[in-house]
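Below, each chain spelled out in residue letters.
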Amino acid sequence: MLKVGLTGGIGAGKSEVSRRLVAYGAVLIDSDRIAREVVEPGTPGLAAVIEEFGPDVLTADGTLNRPALGAIVFADPDRRAALNAIVHPLVGARAAELEREAGADAVVVHDVPLLAENALAPFYDLVVVVDASPETQLDRLVNVRGMTESDARARMAAQATREERLAVADLTVDNDGPLEALEPQVRGVWEELLRRAAATTR
């Protein structure tokens with residue numbers, strides 16, 4: 001098994017890269033998706049979030065009010081750390097379970113938005129960083145995702161810097177340009193992952 005950490009700043013295009021790697025044959029373990037699962041109604045994760053942040057972070061139907069919680073944690077690093085202390089261990093346990101199910105010969109791509117922030121690079125055989133300039137990130141967040149500029153800047157500021165992410169990269173995908181420039185790079189990354197996976201089984 002080859003364990004790959006895939007990361008990139010918000011708006012860099014990491015999800016598009018992961019989608020294309022799956023099309024080539026990678027097994028994707030999506031930390032964001034797991035993070036949503038572990039705080040679904042009835043889970044110990046959601047109970048712990050309510051205990052920490054109060055019932056105001058729930059919607060009327062008992063699900064997590066993500067915008068309300070986001071407004072709290074993205075404005076306050078201490079509150080964000082408190083949330084991470086609840087969610088990250090749960091995500092890690094579920095990711096390890098999915099990894100075991102993938103099979104010994106799989107190329108497993110862990111989509112981890114906060115890989116650099118949480119110093120997780122040593123836990124993977126290699127790290128792929130999807131890179132885009134802060135200007136490109138901001139443009140995509142405002143004009144594609146519909147965020148306000150202030151919200152987009154706050155989300156970006158809560159993450160590692162571009163330089164911090166690149167410092168942990170073994171492979172880099174430049175996604176500052178048009179979408180058609182992405183595919184040749186992803187294909188090259190996949191070929192390199194297969195080469196490294198083959199080397200680990202010798």
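Residues numbered from 1 in each chain as written. Predicted model: local features only at pLDDT ≥ 70, side-chain atom pairs only at ≥ 80, totals over all residues. Heavy atoms only, no water.

Looking at an unreviewed UniProt entry, one finds the protein chain named Dephospho-CoA kinase, with Streptomyces microflavus as its source organism. UniProt, in its Sequence similarities (unreviewed entry) section for the protein chain, records the words "Belongs to the CoaE family." Turning to the protein chain, the UniProt annotation filed under Subcellular location (unreviewed entry) states: "Cytoplasm". (UniProt positions renumbered as here; feature names shortened; annotations may be inferred.)

Draft legend 1. Representation of unusual backbone geometry. Notably, A119 is not glycine yet its phi reads approximately 55 degrees, a positive angle. Tracing the chain through its elements places A119 in the loop between β3 (107-111) and β4 (126-131). (Helix = DSSP H or I, 4+ residues; strand = E, 2+ residues; numbered from the N terminus.)

Draft legend 2. Structural context of the packing of helix α1 (residues 14-24) against helix α9 (residues 182-200). Contact geometry of α1 with α9 gives a least axis separation of 10 Å together with a crossing angle of 55 degrees. The angle between the axes of α1 and α9 places the two elements in the oblique class. The element α1 and its partner α9 pack so that their crossing is right-handed. Contacts between α1 and α9 pair E16, V17, R20, L21 and Y24 from the former with L182, E183, V186, R187, V189, W190 and L193 from the latter. When grouped by side-chain class, the residues that make up the contact of α1 with α9 number eight nonpolar, no polar and four charged. (Axes fitted to C-alpha atoms, helices over the stretch in contact; angles between N-to-C directions. Parallel < 35°, antiparallel > 145°, perpendicular 65-115°, else oblique. Left-handed = near helix turned anticlockwise from the far one by under 90°. Contact = heavy atoms within 4.5 Å. Nonpolar A, V, L, I, M, F, W, Y, C, P; charged D, E, K, R; others polar.)

Draft legend 3. Spotlight on the pairing of β4. For β4, the tally of buried residues reaches six of six residues, placing the bulk of the element in the interior. With burial as the criterion, each face of β4 is covered, one bearing L126, V128 and V130 and the other bearing V127, V129 and D131. The pairing of strand β1 (residues 2-8) with β4 spans five bridges and is classified as parallel. By the bridge assignment, G5 is partnered in β4 with V127. As judged from the four bridges shared by β4 and strand β5 (residues 171-174), these two strands associate in the parallel manner. Across the sheet, D131 pairs through a bridge with D174, a residue of β5. (Buried < 20%, exposed > 50% of the residue type's maximum accessible area, 1.4 Å probe, protein only. Pairing = 2+ DSSP bridges.)

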